[in-house]
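# Topology and contacts: notes
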Amino acid sequence: MKNAVNDGVWSGTWVARRLGVELEGDEHLTDLLGLALRRNPKRAHLLVSKVLGKHVPQSPAVVHGHGLRLGHRVRALLGDAEAARAVVLGYAETATGLGHSVADGLALAPYLHSTRRPVAGLTPAGGFEESHSHATSHLLLPEDPALLAGDGPLVLVDDEFSTGNTVLNTIRELHARHPRRRYVVVALVDMRSAEDAARLDRFAEEIGARVDLVAAASGTVRLPEGVLEKGQALVAEHESAGAEPGPAPHGEVTRVELGWPDGLPDGGRHGFTPAHRARLEAALPAMAARIAQALPAGSRRVLVLGFEELMYAPLRLAAELERTVPAEVRYSTTTRSPVLAVDDPGYAIRTRLAFPAHDDPADGPGERYAYNVAGAGFDTVVAVVDSAADTDPLHAPDGLLARLAAHAPHVLLAVVPAHAPHPFERPAMLPEPLRGPAFSSYAPDEVGWLLQDLSAVSLEAPTEEREEAVQNGGAHYAESLPVEYQPSERYQALFHAALDTSADRIARAVGVVTETVLTERSSRPVLVSLARAGTPVGVLMRRWAGQRYGVELPHYAVSIVRGRGIDANALRWLAAHHDPRDVVFVDGWTGKGAITRELSSAIEEFERAEGVTGFDPEIAVLADPGSCVRTYGTRDDFLIPSACLNSTVSGLISRTVLRADLVGPDDFHGAKFYRELADADVSVAFLDAVSARFPQVLDEVDAAVKELLAEDRAPTWEGWRAVERISEEYGIHDVNLVKPGVGETTRVLLRRVPWKILAKADAGADLDHVRLLAEQRGVPVEEVDDLPYTCVGLIHPKYTRGATGADGRAVNV
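The residue numbers shown here count from 1 along each chain, following its written sequence. Whole-chain, interface and lining totals are the exception, using all residues; otherwise, since this is a predicted model, local features are given only for residues with pLDDT of at least 70 and side-chain atom pairs are given and counted only at 80 or more. Side-chain metrics rest on all non-hydrogen atoms present in the structure, leaving aside hydrogens and water.

## Some details on the overall build of the protein chain
Numbering of helices and strands runs from the N terminus, with a helix taken as a DSSP run of H or I at least four residues long and a strand as a DSSP run of E at least two residues long. A tally of regular secondary structure across the protein chain gives 22 helices and 33 strands. By residue count, 60% of the 813 residues in the protein chain fall in the buried class. Looking at the protein chain alone, contacts between residues at least 24 apart form 78% of all its contacts between residues at least 6 apart. Here the Shrake-Rupley method, with its probe set to 1.4 Å, supplies the accessible areas, and only the displayed protein chains count as covering residues. With the model as given, the accessible surface of the protein chain reaches about 30400 Å², and the carbon-plus-sulfur share is 50%. For the exposure calls, accessible area comes from a 1.4 Å probe over protein chains only, and a residue counts as buried if that area is under 20% of its type's maximum, exposed if over 50%, partly exposed in between. Whether two residues are in contact is decided by their heavy atoms: any pair within 4.5 Å suffices.

## As for the environment of Ala714
The topology assignment puts Ala714 in the loop between helix H19 (698-709) and helix H20 (718-729). For Ala714, a relative accessible area of 36% translates into the label partly exposed. Separated by 85 residues in the primary sequence, Ala714 and Val629 have C-alpha atoms spaced 7.2 Å apart. Setting aside anything within four residues of it in sequence, one finds Ala714 in contact with Ser627, Arg630 and Arg635.

## A short note on the packing of helix H5 (residues 96-106) against helix H10 (residues 312-324)
The contact between H5 and H10 brings their axes to 8 Å, and the two run at 65°. Residues Gly97, His100, Ser101 and Asp104 of H5 pack against Tyr312, Leu315 and Arg316 of H10. Broken down by class, the residue content of the contact of H5 with H10 amounts to two nonpolar, three polar and two charged. Where helices are involved, their axes are fitted lines through C-alpha atoms of the stretch in contact, as for all axes, and angles between N-to-C directions lie from 0 to 180°. Only Asp, Glu, Lys and Arg are considered charged in this grouping, and only Ala, Val, Leu, Ile, Met, Phe, Trp, Tyr, Cys and Pro are considered nonpolar; every other residue, Gly among them, is considered polar.

## Some details on the sheet that holds strand S8 (residues 154-161)
Any two strands are treated as partners once DSSP identifies two or more bridges connecting them. The six strands are arranged S1-S10-S9-S8-S4-S5 in an open sheet whose pairing can be described as mixed. With partners counted over all chains shown, the strands left at the sheet margins are strand S1 (22-25) and strand S5 (111-113), one partner each. Across the sheet, the mean angle separating the axes of adjacent strands is 30° when strand polarity is ignored. By the bridge criterion, eight bridges tie strand S9 (residues 182-190) to strand S10 (residues 210-222) in an arrangement that is parallel. Residue pairing for S10: Asp190 is matched across the bridge by Ser218. Each of strand S4 (87-90), S8 and S9 is contacted by helix H6 (residues 165-177), which is oriented at about 160° to S8, the strand it contacts most.

## Here we look at unusual backbone geometry
Note the cis peptide between Ala92 and Glu93, where omega equals -5°. Tracing the backbone shows Glu93 in the loop between S4 and H5. Along the chain, Ala531 connects to Arg532 via a cis peptide bond; the corresponding omega equals 0°. Note that Arg532 resides in the loop between strand S22 (526-530) and helix H15 (534-549). Unusually for a residue other than glycine, Ser440 sits at a positive phi of about 95°.

## Notes on the sheet that holds strand S16 (residues 380-386)
Judged by pairing direction, the sheet is parallel, and its five strands sit side by side in the order S11-S17-S16-S12-S13 without closing on themselves. Since the sheet does not close on itself, it has two edges, and those belong to strand S11 (252-256) and strand S13 (328-333), each with one partner. Averaged over all adjacent pairs, the angle separating strand axes in this sheet is 20°, with direction ignored. As defined by bridge partners, S16 adjoins strand S17 (residues 410-416) across seven bridges and the pair is classed as parallel.

Pasting the structure below:
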């Protein structure tokens, strides 16, 4: 083989003539691709890219430039805001460098590539199959599991998009774990048939996501009948002549110390961030200079040869070397792919060097290959491997270095430290908060949810089954979700009537609690709502501060679970982004004070375990009928319309979920976004109705705050004592089954198996919706004189499947 790989002849001619394979499409398609024959029983032909830098040595500027341009197109497609939320995912082994280059063009997003090299102790964040490949299993092993946990766009990069099966497998696997609304598929060439393209469109519609495609060129491959059998016959006929036995080694092998920066990953196998990219850019000139100094005098033609998945680091070193030395520099890598070599100008793979694997692969020993290196006239080859591959087999008499030394007078070896992830350390990076409209019907600035999206997971169970499991100790209430209650027209009318009559009262309470927080806690508080009942209140408090003082208070929603504590990862995120002393926890109301006690205990445990101090466990609530906190809008037990409904008044977000198989130790707790209930959503209507009353209650709020600040507001825990008394009087003997207050009683009727309702005599309209729900479920309402709450809901203490109501009915909708 001469210096040119194809000597001016299209490098697909040989295969096209013998098999009848045709490329049809863009006029530049043959400038990008040649053809070869696979030594693979699953597919006969191989599309050989001339610009990928895998099988065909190419100018590194050309290789990197193609990826950069594709990345620029993706950034233009997404816009900077979405590009900053994106993650780029490349495919091993062929597209690891291309994916990195696309991420360079996108500039704002982190990068990860799949790998076939497992890491002991590191749990895969996913995996998928590449059905036509000789080595099918891909692993996703990000050091930070949060890398793939967001809902921003996922950009999938492969060298060619042939059938779309690999992309479909990837999206299906990842979408089930972390649903997204947008995917972008990037390839050098799109070679799908019309049928394959339609299949992807149907799949995108099925999962409710947008899937865009960005490619440098497109076309199709026409395969005649029987092409697989004909290809196998050709491989058998030419196999003995294809390998390059070569002479005995005669070149020198010299090691070059790169001075690779400490802690900088060698590539995207476990994640590569924009910050990593900046460190690499700064270090490249010095590393390339060390290689240049080691080049023999008079070097004219230099090959920088990467190693399987390690494509990007050698590519960037080669590009920097090409820019600074007078020699002609080319770049390619070794590969696992078994391909027939035929020394013909019309064939893409002219020569093959075979050598044993040298990185102790998980699938055992095997042959590896370097194509189009022998006979290409390189006077120096710079072999770049990672430290995991710098082994005895690399230096053996039949190893890669010896094979290279048989065809080049000089061989330089540069070793990049293999990045060793720390699977047992907590990830340094937690995901950014979820925001509407991708997650919740609230505007994105109203609240950031420190949760993970479990919308694609089936979590709902019938109320009766959940109650039986909870009371029998078979499951925790946070491990499943109740079926979302859909209100009847009569109930909806009650909600709107209640909102109309109570909006002033709620607005006053919002104003009082917000002013109290601004006066006593912080002039610029960070509002942290306890999802989900606290979230509407947090939004209203934020609106009050914005309307009256023109300040934009940060507002987040976090999960707290009775018996399990607050989400520690959410606290870590808050501590990393804000001063814990500014955090004010917000809830809708207090009942008996269980969550108040839960939060206090959880904060104490967190501070002891993490060494982080400053979080104040006192909750600010709209209503404190149980006298459990010092910061409240009122201590009256009245109807707060946001307690009347479930997700449809809480941004379409479910109650939070904490289940070991869904929420790992480094994950936020989960919740679902019920997009399908959008037609019934009154979340924003509730907020707007209350905040519209703010101007007219200002004077009342100021007077109430002045009076309140002068009072003794120390908690009396009157509610807790009342609950203990009721639990014993009614023979329940479990305070967790006694739910005091209008809000908690409503929850019992919507989500639990109620036994009876205790109502304060002459409670009036505040209990209209409670009486309606009780009527629908056949639950008796018992009027009581000496009740410190407007009402109390009792969960059935001896649950049976017939205990839903008097007649066993569920809620009528």
